[in-house]
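Architecture at a glance
Here is how the chains run, residue by residue.
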Amino acid sequence: MCLAWDLPVLRAWRRQQEQQFSSLDDKPQFPGASAEFIDKLEFIQPNVISGIPIYRVMDRQGQIVNPSEDPHLPKEKVLKFYKSMTLLNTMDRILYESQRQGRISFYMTNYGEEGTHVGSAAALDNTDLVFGQYREAGVLMYRDYPLELFMAQCYGNINDLGKGRQMPVHYGCKERHFVTISSTLATQIPQAVGAAYAAKRANANRVVICYFGEGAASEGDAHAGFNFAATLECPIIFFCRNNGYAISTPTSEQYRGDGIAARGPGYGILSIRVDGNDVFAVYNATKEARRRAVAENQPFLIEAMTYRCPPAPSPEPHTDLGPLPLCRIGHHSTSDDSSAYRSVDEVNYWDKQDHPISRLRHYLLSRGWWDEEQEKAWRKQSRKKVMEAFEQAERKPKPNPNLLFSDVYQEMPSRLRKQQESLARHLQTYGEHYPLEHFDK
Amino acid sequence: MAAVSGLVRRPFRQVTVRDAINQGMDEELERDEKVFLLGEEVAQYDGAYKVSRGLWKKYGDKRIIDTPISEMGFAGIAVGAAMAGLRPICEFMTFNFSMQAIDQVINSAAKTYYMSGGLQSVPIVFRGPNGASAGVAAQHSQCFAAWYGHCPGLKVVSPWNSEDAKGLIKSAIRDNNPVVMLENELMYGVPFEFPPEAQSKDFLVPIGKAKIERQGTHITVVSHSRPVGHCLEAAAVLSKEGVECEVINMRTIRPMDMETIEASVMKTNHLVTVEGGWPQFGVGAEICARIMEGISKKPVLEYSQAQIKRLKLAFALSQLSLPSPRSCIQFPGCSCCSCHWC
């Protein structure tokens, strides 16, 4: 007796069956991923012990590590970096003190992060649109926003472009393409993507840069922003200032992955981690990101590692400007006292060893572009400029109360107009009960 | 002997609103190990406004949890924990930031018990500062009483003084329904006399019951949260003019205690509502609507004629605490009062 499957016709049929299925054996055909098969069970280990390396150009003494990475910037430009950072630092000291004295209601310093602002701002075109979080005043400083207007916003006086409606440090400047700061965290991220999309559609040869802290990157808006930037192919630079803390929450409690840079590839975004206290590293990364973002219409993610610091260390405790304040810690804001959650040792290390201003100063000194005389003179001059602007700003009146009612809508509704008129009448009769002398007439 | 012991009473203490909430949470954490607190900066930092001071030290990481910055995230996590049988207290740094999480509060916390046919309860408390503070601009100053008070499935409370704060947080934590507690940052540091009964670990202020803070016969003034204090100050001033205000502290926004308000309006025939929220679709608007619908034999508008006349006498004084009638004026740097005239 012969068995049926030995017959040649059946063997031929079986061979044909095998040929039909062979193409599926070779390669995966899933729409959701482009990858090879693997037959070994293995979970991908998140790499947090040896994370994404940190790009730097200068060492902590301001010496170029790899000469081929030196941007070879001209002297005037590098001096502008230095002066922007130090002027910002000086302004921060004065305005922080003024809040402690009750002269302004609130303030946030930028100590230790000046390098991230100036390095990135310098690598952009002046018309590139900036969405900040709240700790990027150096970008405006680099774009020559006058001290008078910084102060006007903090004091909410008649010169404030924002008409006194915001808390201090919530700057906005249409002329310098700096979108008004909004208090709510990370909302600027998807907004920046939308703006970048608009720039792409307009063929504007323009990039949008979006700044945020590593804490804000935990917000859901960050996820949406990253994903949309990649899928909509937008010319945007995501710039994360990772300064180690979100108020008192350290990064160890904020995330468990390898920081923010490691998230970029998950969204299909080209990403880099840089030394945020190295202004040339920040500059180089931003410059290249900008070039490619615009040329290729794709997003870039830069994670700048830095620290929320005390004011720049000075060589002498006293200058002819009077004694400089002793160890002052960079708090989250004037509503915070970070000695509650950071040790003095931790803060001192950053103050002494690694600060963007002192590192650039070392670079300038070694090039012979700066010296102690100029340093002394500049300190005096910058402090004088800040004090003058400060005194002027304090004396200016507040905006007229009738500005309470405008800009709710593009056109003032009749209900608001009636309220505006009612207030005007009320003040005519009862004006003496109000501090009208402080307000614009 | 019995007579003597009757005379021995525990004295009144001065307790700030902050400490009252702190005490309330502390007592409930101690009483029930399923209760826990989560939010931004609540642990070692003692809370952004120091309301949870000392709690992390006492109860540790398992009961007092610092979260990454995502309101949507931690509200969702809290709702999930409640669904699984824990009793979370979810702190928003301010209710302005709760808008990031509002889907979790409304669509998940408020509606789930109903939508699951009673199978899935969500015994959660959302708390934090609400309304205006000092010069913190529009994004930190909104009052959410009307927004949350609009939704069935939620209970919404709004304490004014320390007694309210402690009693309401304890009731909220013990309540098996989702409760939103709207505090006020400017009230945190204000001390009040704490009656002896409030010092008990079982002191509860019932949700859904208003309190008459001041008896009066001429005009009913209804308010919640910080403006209650303003109303009492205005009442003291008006009393010298011979106008006696009955000041009602709502304590609860939802379910609203209309009985107390109605009984008072029946007595006085005049009503003013004072709140920190905007007038359109607000708490005061709802009270006026219900009075219109409800108990009065005469149409409400008739009452308003009489009442406006009265308050013109005290107009100059009313500016101290009550805004000008018929308008809603927002002054930067002070709390906003909107006044609804019924």
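For every chain, the first residue of its written sequence is number 1, and the numbers climb from 1 along that sequence. Each chain gets a letter, beginning with A, and each ligand a number, beginning with 1, in the order they are written. Predicted model: local features are reported for residues with pLDDT of at least 70 only, side-chain atom pairs are reported and counted for 80 or more only, and whole-chain, interface and lining totals are derived from all residues. Hydrogens and waters are ignored; side-chain quantities use all the structure's heavy atoms.

The condition is simple: UniProt positions are given in the numbering used here, feature names are shortened, and annotations may be inferred rather than shown by experiment.
Per an unreviewed UniProt entry, the recorded name for chain B is Pyruvate dehydrogenase E1 component subunit beta, and the organism is Saimiri boliviensis boliviensis. According to the UniProt record, the Cofactor (unreviewed entry) comment for chain B is "thiamine diphosphate".

In the nomenclature of an unreviewed UniProt entry, chain A corresponds to 2-oxoisovalerate dehydrogenase subunit alpha from the organism Saimiri boliviensis boliviensis. In the Sequence similarities (unreviewed entry) part of its UniProt record, chain A is described as follows: "Belongs to the BCKDHA family." Per UniProt, the comment on chain A under Cofactor (unreviewed entry) is "thiamine diphosphate".

**A look at the overall build of chain A**
Test applied: A helix here means a DSSP run of H or I that spans at least four residues, while a strand means a run of E at least two residues long, and both kinds are numbered starting from the N terminus. Relative accessibility under 20% of the residue-type maximum defines a buried residue, over 50% an exposed one, and the middle range a partly exposed one, all with a 1.4 Å probe and only protein chains included. Should any heavy atoms of two residues lie within 4.5 Å, those residues are considered in contact. In short, Shrake-Rupley with a 1.4 Å probe defines the accessible areas, and a residue's cover is counted only from the protein chains shown.
Within chain A, the secondary structure is distributed over 14 helices and ten strands. With 441 residues in all, chain A has 49% of them scored as buried. Partitioning the contacts of chain A with sequence separation of at least 6, the portion at a separation of at least 24 is 74%. Only carbon and sulfur atoms are counted for the fraction: they give 53% of the accessible area of chain A, which is about 22,400 Å².

**Some words on the packing of helix H10 (residues 258-268) of chain B against helix H11 (residues 283-293) of chain B**
Residues and elements named next belong to chain B. Applicable threshold: Helix axes are fitted to C-alpha atoms over the stretch in contact, other axes to C-alpha atoms as well, and angles between N-to-C directions run from 0 to 180 degrees. For any pair of crossing helices, the crossing counts as left-handed if the nearer helix is rotated counterclockwise from the farther one by less than a right angle, and right-handed if it is rotated clockwise. When residues are grouped by polarity, Ala, Val, Leu, Ile, Met, Phe, Trp, Tyr, Cys and Pro land in nonpolar, Asp, Glu, Lys and Arg in charged, and all others, Gly among them, in polar.
Where H10 meets H11, the closest approach of the two axes is 11 Å, and the angle between their N-to-C directions is 65°. Classified by chirality, the crossing of H11 by H10 is right-handed. Across the interface between the two elements, Met258, Ile261, Glu262 and Val265 of H10 pack against Ile287, Arg290 and Ile291 of H11. Of the residues belonging to the contact of H10 with H11, the class tally is five nonpolar, no polar and two charged.

**What to know about the UniProt feature "domain: Transketolase-like pyrimidine-binding" (unreviewed entry) in chain B**
What UniProt calls "domain: Transketolase-like pyrimidine-binding" (unreviewed entry) maps, in this numbering, to residues 15-190 of chain B. Secondary structure across residues 15-190 of chain B divides into 36% helix and 16% strand, with the first and last C-alpha atoms of the span separated by 8 Å.

**What about the sheet that holds strand S6 (residues 155-157) of chain B?**
Each strand in a sheet pairs with another by means of backbone hydrogen bonds, the pair being arranged parallel or else antiparallel. Residue and element names in this part refer to chain B. To be explicit about the condition: In short, DSSP must find at least two bridges between two strands for them to pair.
Pairing in this open sheet of seven strands is mixed, and the strands run S3-S2-S4-S5-S7-S6-S12 from one edge to the other. The open sheet is flanked by strand S3 (64-66) and strand S12 (252-254), the only strands paired with a single partner. Pairs of neighbouring strands in the sheet enclose a mean axial angle of 20°, with direction left out of account. For strand S5 (residues 125-129) and strand S7 (residues 179-183), the ladder comprises five bridges, and the chain directions are parallel. Pairing of glycine 128 across the sheet is with leucine 182, part of S7. Lying over the sheet, helix H4 (residues 71-83) contacts strand S2 (35-39), strand S4 (87-91) and S5, oriented at roughly 165° with respect to S4.

**A look at H11 of chain B**
Residues and elements named next belong to chain B. This is how it is decided: For this quantity, the arc is that covered by the directions from the helix axis to the C-beta atoms.
Among all positions in H11, only Val283, Gly284, Ile287, Cys288 and Ile291 are buried. For H11, the arc enclosing every buried residue in end-on projection is 135°, short of the 170-degree limit, so these residues lie on one face. For H11, the exposed residues lying more than 90 degrees away from the buried face are Met292 and Glu293.

**A few points about the environment of glutamine 23 of chain B**
All names here are of chain B. If you trace the backbone, glutamine 23 turns up in helix H2 (residues 17-31). Linking glutamine 23 and isoleucine 169, residues 146 residues apart in sequence, is a C-alpha distance of 9.5 Å. When neighbours within four sequence positions are excluded, glutamine 23 is seen to be in contact with Arg13, Val15, Lys166 and Phe194.

**Section: helix H10 (residues 279-296) of chain A**
All names here are of chain A. As a reminder of what qualifies: The span one expects for a helix is its residue count, reduced by one, times 1.5 Å. Residues adjacent in sequence count toward polar contacts only when both atoms are side-chain atoms; beyond that, a polar contact is any pair of N or O atoms within 3.5 Å, and within protein one must be able to donate a hydrogen and the other to accept it.
With 18 residues, H10 should cover 26 Å at 1.5 Å per step; its first-to-last C-alpha distance of 25 Å lies within 8% of that length. For H10, the full list of buried residues reads Val279, Phe280, Ala281, Val282, Tyr283, Asn284, Ala285, Thr286, Ala289, Arg290, Ala293 and Val294. Its side-chain oxygen placed 3.0 Å from the backbone nitrogen of phenylalanine 280, aspartate 278 serves as the N-cap of H10. Note on H10: the residue one or two positions beyond its end, asparagine 297, has a positive phi of about 50°.

**Remarks on the pairing of strand S13 (residues 271-275) of chain B**
All names here are of chain B. The element S13 is extensively covered by neighbouring structure, given that five of its five residues are classed as buried. Residues Leu271, Thr273 and Glu275 line one face of S13 and the alternating positions Val272 and Val274 line the opposite face, and both faces are buried. Pairing of strand S10 (residues 219-223) with S13, which is carried by four bridges, proceeds in the parallel orientation. Among the inter-strand pairings, valine 221 is bridged to a residue of S13, identified as valine 272.

**Some details on the interface of chain B and chain A**
Put simply, the test is: Defined here as a combined quantity, buried area equals the accessible surface (1.4 Å probe) lost by two parts on assembly, summed across both. Salt bridge criterion: a side-chain nitrogen from Lys or Arg within 4 Å of a carboxyl oxygen from Asp or Glu.
Taken together, the contact between chain B and chain A spans 26 residues of the former and 33 residues of the latter. Contact between chain B and chain A buries roughly 2,500 Å² in total, counting both sides, with carbon and sulfur atoms accounting for 54%. In this assembly, chain B and chain A are joined by zero salt bridges. Residue classes in the side of chain B that touches chain A are distributed as 13 nonpolar, ten polar and three charged.

**Re the sheet that holds strand S7 (residues 270-275) of chain A**
Residue and element names in this part refer to chain A. On the basis of which strands lie adjacent, the open sheet formed by six strands has the order S1-S7-S8-S4-S3-S2 and parallel pairing. Here the strands that pair on one side only, and so sit at the sheet edges, are strand S1 (54-55) and strand S2 (129-131). For S2 and strand S3 (residues 208-213), the ladder comprises three bridges, and the chain directions are parallel. Its bridge partner being in S3, valine 130 is matched across the sheet by isoleucine 209. Most of the contacts of H10 go to S7, to which it runs at about 165°, and overall it touches S1, S3, strand S4 (236-242), S7 and strand S8 (300-305).

**Quick notes on a nonpolar patch on the surface**
Residue and element names in this part refer to chain A. This is how it is decided: Within the patch definition used here, like charges are joined within 9 Å and nonpolar side chains (Val, Leu, Ile, Met, Phe, Trp, Tyr) within 5 Å, considering only residues with over 30% relative accessible area and no salt bridge.
A cluster of nonpolar side chains, contributed by Tyr197, Phe228 and Leu232, occupies part of the molecular surface with about 260 Å² of accessible area. Within the fold, tyrosine 197 resides in helix H6 (residues 188-201). Judged by its relative accessible area of 30%, tyrosine 197 falls in the partly exposed class.

**Quick notes on the domain arrangement of chain B**
Residues and elements named next belong to chain B. Convention followed: An automatic or database domain assignment is the source of the domain bounds shown.
Taken domain by domain, chain B holds domain 1 (13-199) and domain 2 (211-320). Between domain 1 and domain 2, the C-alpha centre-to-centre distance is 28 Å. With 21 residues of domain 1 in contact, the opposing surface of domain 2 contributes 20 residues. A buried area of about 1,600 Å², summed over both sides, lies between domain 1 and domain 2, and 56% of it is on carbon and sulfur atoms. Between domain 1 and domain 2 we count three salt bridges in total.

**Regarding the domain arrangement of chain A**
Here chain A is partitioned into domain 1 (67-312 + 328-395) and domain 2 (401-433). Relative placement of domain 1 of chain A and domain 2 of chain A: their C-alpha centres are 38 Å apart.

**With respect to unusual backbone geometry**
Note that the residue after arginine 254 of chain B, namely proline 255 of chain B, is joined by a cis bond; omega there is 0°. Mapped onto the elements of the fold, proline 255 of chain B is located in the loop between S12 and H10. Of note, valine 169 of chain A is a non-glycine position whose phi angle comes to about 65°, a positive value. Along the chain, valine 169 of chain A falls in the loop between helix H5 (147-155) and H6.

**Observations concerning the packing of aromatic side chains**
What counts, and what does not: Only Phe, Tyr and Trp rings are paired, with Trp represented by its six-membered ring, and only when their centres lie within 6.5 Å; those with planes under 30 degrees apart are stacked, over 60 edge-to-face, the remainder tilted. Two thresholds decide whether a charge sits over a ring: the Lys NZ or Arg CZ must be within 6 Å of the ring centre and within 35 degrees of the ring normal.
Evaluation of the coordinates by the stated rule reveals 23 aromatic pairs over all chains. Residues tyrosine 82 of chain A and tryptophan 370 of chain A carry aromatic rings whose centres are separated by 5.3 Å and whose planes lie at 65° to one another, so their mutual orientation is edge-to-face. A residue pair is termed long-range when its members are at least 10 positions apart, and tyrosine 82 of chain A in helix H2 (residues 75-100) and tryptophan 370 of chain A in the loop between helix H12 (356-367) and helix H13 (372-395) qualify at 288 residues. With relative accessibility at 5%, the residue tryptophan 370 of chain A sits in the buried group. With 6.1 Å between their ring centres and 40° between their planes, tyrosine 49 of chain B and tyrosine 188 of chain B make a pair best called tilted. Taken as a pair, tyrosine 49 of chain B in the loop between S2 and helix H3 (55-59) and tyrosine 188 of chain B in the loop between S7 and strand S8 (191-194) lie far apart in primary sequence, 139 residues in all. The exposure class of tyrosine 49 of chain B is partly exposed, given its relative accessible area of 23%. Each residue in the set Phe74, Phe92, Phe95, Phe126, Phe144, Trp147 and Tyr148 of chain B is aromatic and connected to the rest through ring pairs, giving one cluster. Taking the ring centre of tryptophan 378 of chain A as reference, the NZ or CZ of lysine 83 of chain A above it sits at 4.9 Å.

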